[in-house]
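Tertiary structure, described
The lines below spell out each chain.
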Amino acid sequence: MTAEPSRSAGRMRASDADREAVVEQLREAAAEGRIDLDELDTRLGQALVAKTRGELAPLTDDLGPAVFDSGEPLTLRGGIHGAERTGRWKVPPRIHAKGGMGGVRLDFTRAECRLREIEVEVDAQMAGVRIVIPVGWQADTDGLDPSLGGLKDKTSGERLPGAPLIRLTGTCGMGGVLIRHPNLLERRRQRRDQAR
C-alpha cells in the first residue's frame, strides 16, 4: 500500500516552486564542491524542463532530500489579539494572512528562505497586514485589491539576482497592507545575529 502513493507522488506535476527548490539545492551542492560545473549545468537543464516531481527527484537523490511544496500553506489569523511570524522561521511557498481585529505581521528579515517566489494571499480585514522584507527582495502587488484600507509599498522595488519575489494577492480590507524594508532596529538585530 505504501508503494502506490509514492508512485502517484512521482507522477504529480511539478510546480515552479518545486523546480526552483531543486535548482537552489543543485547550486548549493556545486558551491560546496559536491558536483562540478558541467554536472551542475546538465542537471539544471533537466530541472528547468521537468514536468513531474518524479523527473525532479533523481536530480537531487544523491544530494539529500529536495524540498517540495507540501500543498499546505502557512495560515496566520489575526483574530482579536493578532498574529505574527518573526525571528528565525522557515518560509513556505504559500502563506495566507488574515488580519482580523488584531492584525498580522510577517517579518522575513531573519527568516530562512530557499525559494525564489513566495505567494502571500492577504485578507487584511479590520487591523491590516504588515510585511517586512529584506533589502534586495521584491514585492509584486499587482494582484492585490486596495479596497478601503489601501496599500503602502515602502520598498525600493529593486530585486537582487537570486533574491526572492513576494507575490501578493487578495484584498487590503479596511486595515490596509503595508510592505516595507527593515527599520534601523531590525537591521541592527539582523547584523548582531549574522555576527554570531
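Below is a summary of the structure that appears in this document. Just so you know, these numbers come straight off a predicted model, no measurement behind them.

A few words on the side chain of Arg 116. Mapped onto the fold, Arg 116 is located in the loop between β4 (104-107) and β5 (117-123). Owing to a relative accessible area of 19%, Arg 116 belongs among the buried residues under this scheme. Looking at Arg 116, its side chain comes within polar contact range of the side chain of Glu 24, at 2.3 Å. In this view, Arg 116 contacts Glu 20, Glu 24, Arg 27, Arg 159, Gly 162, Ala 163, Pro 164 and Leu 165; residues no more than four positions away in its chain are not counted.

On to the packing of helix α2 (residues 16-31) against helix α4 (residues 53-60). Where α2 meets α4, the closest approach of the two axes is 10 Å, and the angle between their N-to-C directions is 10°. The angle between the axes of α2 and α4 places the two elements in the roughly parallel class. Contacts between α2 and α4 involve Asp 18, Arg 19, Val 22, Gln 25 and Leu 26 from the former and Arg 53, Leu 56, Leu 59 and Thr 60 from the latter. Residues that form the contact of α2 with α4 fall into these classes: 4 nonpolar, 2 polar and 3 charged.

Rules used throughout
- Residues numbered from 1 in each chain as written.
- Predicted model: local features only at pLDDT ≥ 70, side-chain atom pairs only at ≥ 80, totals over all residues.
- Heavy atoms only, no water.
- Helix = DSSP H or I, 4+ residues; strand = E, 2+ residues; numbered from the N terminus.
- Buried < 20%, exposed > 50% of the residue type's maximum accessible area, 1.4 Å probe, protein only.
- Polar contact = N/O pair within 3.5 Å; in protein donor to acceptor, adjacent residues only side chain to side chain.
- Contact = heavy atoms within 4.5 Å.
- Axes fitted to C-alpha atoms, helices over the stretch in contact; angles between N-to-C directions.
- Parallel < 35°, antiparallel > 145°, perpendicular 65-115°, else oblique.
- Nonpolar A, V, L, I, M, F, W, Y, C, P; charged D, E, K, R; others polar.

The analysis is restricted to geometry; functional conclusions fall outside its scope.
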